[in-house]
Each structure stands twice: as C-alpha cells, then as structure tokens.
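Residue strings, one per chain:
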Amino acid sequence: MENSNKLLITDTTMRDGQQSLIATRMSTESMLPILEVVDKLGFYSIEMWGGATFDSCLRFLKEDPWERLRKFRSVMKNTKLQMLYRGQNMLGYKNYPDDLVEIFLRKAVENGMDIVRVFDALNDERNFETSVNALKKDNAHAQLAICYTISDVHTIDYFVGLAKRLEDMGADSICIKDMAGLLLPEVAYELVTRIKKVTKVPLQLHSHCTCGMAEMSYFKAVEAGVDVIDTALSPFALGTSQPSTEVMVEAFKGTLRDTGIKQSELKIASDHFKPLREEALASGLLDPKVLTVDIAGLMYQVPGGMLSNLISQLKQQNSLDKYQAVLEEVPKVRADLGYPPLVTPSSQIVGTQAVMNVMSGQRYKLVPKETKELVRGMYGKTPVPISEEITKTIIGDEKPITERPGGLLKPGYKAAEAEMQQYKEQEEDVLSYALFPQVALDFFKFRQAQKYQVDPSLADKEGKVYPV
C-alpha cells in the first residue's frame, strides 16, 4: 500500500523508558555501542537527555551529563536528539531565573541538542515564554507540551484552546504529554482530531502503559492523524514506560501510516538492551511491580512514579496501613490546590501534602514550604484559582503574586559561578551546579580525584585534591 502519511516514531528507550523502569540508572557506556545501529533505524528522533537523566548522571553514575550529550552527537548523524525540559523549572524542582534557563538551553543546543520538549507542571503559558524565546534565538526546535490530566476543568475544550495558544507562542510542534497514562482511546481520537483542526504544526503523543490504555489510545490517535508517537524498545517498554516500538511498528505495517522501520533492524537494537534489563531484574533495580497495570491511576489520577513515592514515604513512617487513606486524600488536596496536573514538581507537592494531612489527623495542620510556594503563586497560575479559604489556611493574610514567577527572580548564573569557581572546567559545570549544588560538588570532587588518582576522602576541607 502506498505510504502517503508515514507515522513517525520518537524512541524513548534511553531517557523515559529507562527512567520509568530502572530509575534512570543506564550508563552512557552501556548505550554507546548500539548508537550507530539506532541512528540508521529511521526514527524521527530519540529522547536521550533531560528529565531525570541529568540528576542521575551526576548523583548515581558519576558521569558528566554534558559529556553524554556530546558522545551521542558525535555518533548520531542521521537522527535528531531530543530532551525533556521543565520550562522555568529547567531540570530541577523549583523555578529558576531567566538567565539560567536561557544559558542552559544555549549550551544544550551548542552541545548537539535538536528538539527540546518544554512543559510546565501547571500548563501556565507564561512559564514557557523564556524557553521559547531562547530556543528561537538558538535556531532549535521548540516542542511545547500540554500536560494531560483529568478533572472537572480539564475538558477537551481546555486542551484544544491551550494547544492553539502554544502554537501562537511559537511552538514548532505540540506534544500531548499523558504522563500518568490517563488518556482514553475515544478521548484521544477526539482530542487529536480537534487540535489538528485548529493548529498547523506537527502533533506528537506521549503516554505511559501504567493504566493499560496507551496502545489503544495510540491506535485511535494515529487514526485521527497524530504525526509522531513516543515508544520504547521492548526490553524497556510497557508497565510504567511507553508502548513497545516493535509492536507499534508492526501494528501499522502495510497501512497508510506504515513507519517504514524494519523489524529485523529493530531486533538488533532491542537485543542489545535485553541483557541490561536482565541485570536490572536480577539486582532488584527493575521492580516487577512497575511492569503491572495499576488501575488506581485512573481512579485517583496518580502517575506511577508518584504512587511509588507515596509508598516510600509511608514505609519510612511505618504507616503503610494508611496507603488507601492517602490515595483518597490526593484528589481532595489536588482540588484544594487548584487542580494542578500531577507531574514533577506538582505531583510531589500534592502527594507530600496528602501524606501530612493523613498522618497528622488534621488537614493542613502541617504545611511544607513547597505547598506554601504553590499557593503564593511562585510556581505559576493554577488551572483554577485556589479558594480564599484554602489560601488563608496555608499562607494567612499574605497576598499571592499574579505576575510571571520567573520575572521576580534575580539572575543566577554569576552567583553560581562565583560559588563553584575552583571546580569549573567548562561553562556547563556552572549550570550543573546551579541546578544541583551539593550533588554537582560531589561529582566535581570525584572528577578531580579521578584525574589525579586520589581517593576523594583525602580532599582538604575546601574539597581540593592535589596530585600525589
């Protein structure tokens, strides 16, 4: 059959696939040997950076994330590299000043990044502005993402309107980012159909198999004309990850949306990752629980990563018996806080507050700093205004801000550079430090120690190490 409208694939194995299943512990060295093969498969792009990879490289793998990007770029000549970026939150968990947002994106593009998927946890368009303007200056592809969620206010009309506004802001493409796997097949069909009617830029769909819906929703979205879908190679697909690349390629083979990707070539790439999956299973890094369907996501709108975080918090307090009560409290807290989509960092804020409400036996008796900042407006504008009653309970008589939060922050690059000057080997190090100060310092000390082959414990009080 003639292929008049080829379906494009973004493979997420090396970012969201491994982040969803093995907490982003895949090393650069384990991926490098297969990159030449992956580069020739015919993917539209591969998502290999951003999200939690940056933190994980520095904290757990003792790798420079910038070096990972450069190594990928040096091998991959045919395929676009893609990253996930949290807008004004960058790759951290709070809002950062505009200068850091801009310099980070410039360095990402200089080091080889092609497509930057930008999202905001509240879908507040103002939190996209700095990133979009920076990417336009850098001549990079700005893909703006809609965080899909379910609530009384998150109607199809709401998402279609948001998609149009993001296109008007300068989006080169739009992504429906269904981080909790909540998108139902018929809703996917209608949402894609209606967004395609009001926008002209390419439309991409990202989902997770957490609730068991993703493959069906992909199929309906493709029928409705979505341009690109996110998938992961089978060893790191399904469960809390994306649908399998091989399955999606086969599903549309011989149709008008045939991807043109060959299964025989996919198998070579997939076979490379099978031993990594087996190692992760054997070590316990890959918990079989994340491979099962959890319908609680649809009932409570809680993403898979947030569920495991709630369990972890309750275990630490020997209160796992309160799990059900916490699950039931989450939607109530979410409604109180203006119905934020549950994605980093709002998922952590809502989840922690729900745990505190249940554990203390009194709602909002204990309120962490992050909840107060959300109510103050420091993360942006919530989908619906927070009631005066909840505002007063959480921040008293303080007035929430109404302007763009990033505009209130002082420039941060020079201050960060001054604090870590002794470790600076490249401009990118300042950005690593600005995002994760202590984690980056630990990595810089490790890097120095490796260079001089000195045990890091031999460093002096200021962290300097000297050649032996």
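Residues numbered from 1 in each chain as written. Predicted model: local features only at pLDDT ≥ 70, side-chain atom pairs only at ≥ 80, totals over all residues. Heavy atoms only, no water.

(A) Local environment of the overall build of the chain. Secondary structure assignment for the chain yields 21 helices and eight strands. For 468 residues, the compact-globule estimate of 2.2 N^0.38 gives 23 Å, and the C-alpha radius of gyration of the chain, at 22 Å, lies within 12% of that figure. Overall, the C-alpha framework of the chain stretches about 65 × 65 × 45 Å when taken along its three principal axes. In the chain, buried positions account for 58% of the 468 residues. Sequence separation of 24 or more characterises 75% of the internal contacts of the chain that already satisfy a separation of 6 or more. (Helix = DSSP H or I, 4+ residues; strand = E, 2+ residues; numbered from the N terminus. Rg over C-alpha atoms; globule rule 2.2 N^0.38 Å. Buried < 20%, exposed > 50% of the residue type's maximum accessible area, 1.4 Å probe, protein only. Contact = heavy atoms within 4.5 Å.)

(B) Examining the sheet that holds strand β8 (residues 228–231) more closely. Here we have eight strands rolled up into a closed barrel, ordered β1-β2-β3-β4-β5-β6-β7-β8, and parallel in their pairing. Strand-to-strand twist in this sheet, taken as the mean axis angle between neighbours without regard to direction, amounts to 30°. As defined by bridge partners, strand β1 (residues 8–11) adjoins β8 across four bridges and the pair is classed as parallel. Note that in β8 the partner of D11 across the bridge is T231. (Pairing = 2+ DSSP bridges. Axes fitted to C-alpha atoms, helices over the stretch in contact; angles between N-to-C directions.)

(C) Geometry of the packing of helix α20 (residues 427–435) against helix α21 (residues 437–452). Between α20 and α21, the shortest axis-to-axis distance is 5 Å and the interhelical angle comes to 135°. The pairing of α20 with α21 is recorded here as oblique in orientation. Of the residues in α21, those in contact with D429, S432, Y433, A434 and L435 of α20 are P437, A440, L441, F444 and R447. Class assignment for the residues of the contact of α20 with α21 results in seven nonpolar, one polar and two charged. (Parallel < 35°, antiparallel > 145°, perpendicular 65-115°, else oblique. Nonpolar A, V, L, I, M, F, W, Y, C, P; charged D, E, K, R; others polar.)

(D) Fine view of the packing of aromatic side chains. Taken as a whole and assessed by the stated rule, the structure comprises 15 aromatic pairs. Over the aromatic face of F119 sits the side chain of K177, whose NZ or CZ is 4.9 Å from the ring centroid. (Phe/Tyr/Trp six-rings, centres within 6.5 Å; stacked < 30°, edge-to-face > 60°. Lys NZ or Arg CZ within 6 Å of the ring centre and 35° of its normal.)

(E) Main features of the pairing of strand β2 (residues 45–50). Here β2 lies mainly inside the structure; six of its six residues are buried. Where β1 lies against β2, two bridges are found, and the strand directions are parallel. Bridge assignment links T10 to a residue of β2, and that residue is S45.

(F) Main features of the pattern of salt bridges. One pass over the full model with this rule turns up 37 salt bridges. Note that R106 is salt-bridged to E427, the shortest N-O span being 3.3 Å. Of this pair, R106 sits in helix α6 (residues 98–110) while E427 sits in helix α20, and the two are 321 residues apart along the sequence. Judged by relative accessible area, R106 falls into the partly exposed class, the value being 32%. For E427, a relative accessible area of 26% translates into the label partly exposed. Of the charged contacts in the structure, one is a salt bridge between E186 and K220, with a shortest N-O distance of 3.7 Å. Placement of E186 in helix α9 (residues 185–198) and of K220 in helix α10 (residues 214–223) is noted, with a sequence separation of 34 residues between them. One connected set of salt bridges, linked through shared partners, spans D64, E67, R70, R106, K107, E110, E427 and E428. (Salt bridge = Lys/Arg side-chain N within 4 Å of Asp/Glu carboxyl O.)

(G) Spotlight on the nonpolar core. Ranked by internal contacts, the top residues of the largest apolar core, which has 100 residues, are W49 and F104. Within the second largest apolar cluster, 28 residues are counted, among which are M306, L310, L314 and V375. (Core = buried A, V, L, I, M, F, W, Y, C linked by side-chain atoms within 4.5 Å.)

(H) Quick peek at helix α4 (residues 53–61). Buried within α4 we find T53, F54, D55, S56, C57 and L58. Those residues of α4 that are buried are in contact with α1 (13–22), β2, α5 (65–75), α6, α20 and α21. Of the residues flanking the end of α4, it is K62, one or two places downstream, whose phi is positive at about 50°.

(I) Inspection of the side chain of H206 at higher detail. Inspection of the secondary structure assignment puts H206 in strand β7 (residues 203–206). Of note is the side chain of H206, whose polar atom sits 3.5 Å from the side chain of R117. Not counting residues within four places of it along the chain, the set of residues in contact with H206 comprises D16, R117, C175, I176, K177, D178, Y218, D230 and Q242. (Polar contact = N/O pair within 3.5 Å; in protein donor to acceptor, adjacent residues only side chain to side chain.)

(J) Up close: the environment of V38. By the secondary structure assignment, V38 is in helix α3 (residues 35–39). V38 sits in the buried class, given a relative accessible area of 1%. For the pair V38 and T402, spaced 364 residues apart in sequence, the C-alpha separation works out to 46 Å. Excluding residues that lie within four positions of it along the chain, V38 makes contacts with M14, F43, I46, M76, T79 and A269.

(K) Structural view of the environment of K372. Here K372 is to be found in helix α17 (residues 369–376). Between the alpha carbons of K372 and D397 there is a distance of 12 Å; along the sequence they are 25 residues apart. Ignoring sequence-local partners within four residues, the contact set of K372 consists of V367, I394 and I395.

(L) View of the state of the cysteines. Scanning the entire structure with this criterion turns up zero disulfides. Here C175 stays unpaired: no disulfide links it, and the sulfur of C147, its closest cysteine neighbor, is 9.0 Å away. Here C175 falls in the buried class, since its relative accessible area comes to 0%. (Disulfide = S-S within 2.5 Å.)

(M) Quick look at the packing of helix α19 (residues 413–420) against α20. Contact geometry for α19 and α20: axes closest at 9 Å, N-to-C directions at 100°. Classified by the angle between their axes, α19 and α20 sit roughly perpendicular to one another. Along its contact with α19, which presents Y413, A416, E417, E419 and M420, the element α20 presents E427, D429, V430, L431, Y433 and A434. Residue composition of the contact of α19 with α20, grouped by class: seven nonpolar, no polar and four charged.

(N) Structural context of the pairing of strand β3 (residues 80–85). For β3, the buried fraction is high: five of the six residues fall into the buried class. In this sheet, β3 lies alongside β2 in parallel orientation, the contact comprising five bridges. Bridge assignment links E47 to a residue of β3, and that residue is Q82. Relative to strand β4 (residues 115–118), β3 runs parallel, the two sharing four bridges. Note that in β4 the partner of M83 across the bridge is V116. Traced from β3 through α6 to β4, the parallel crossover comes out right-handed. (Right-handed = clockwise from strand over helix to strand, strands pointing away.)

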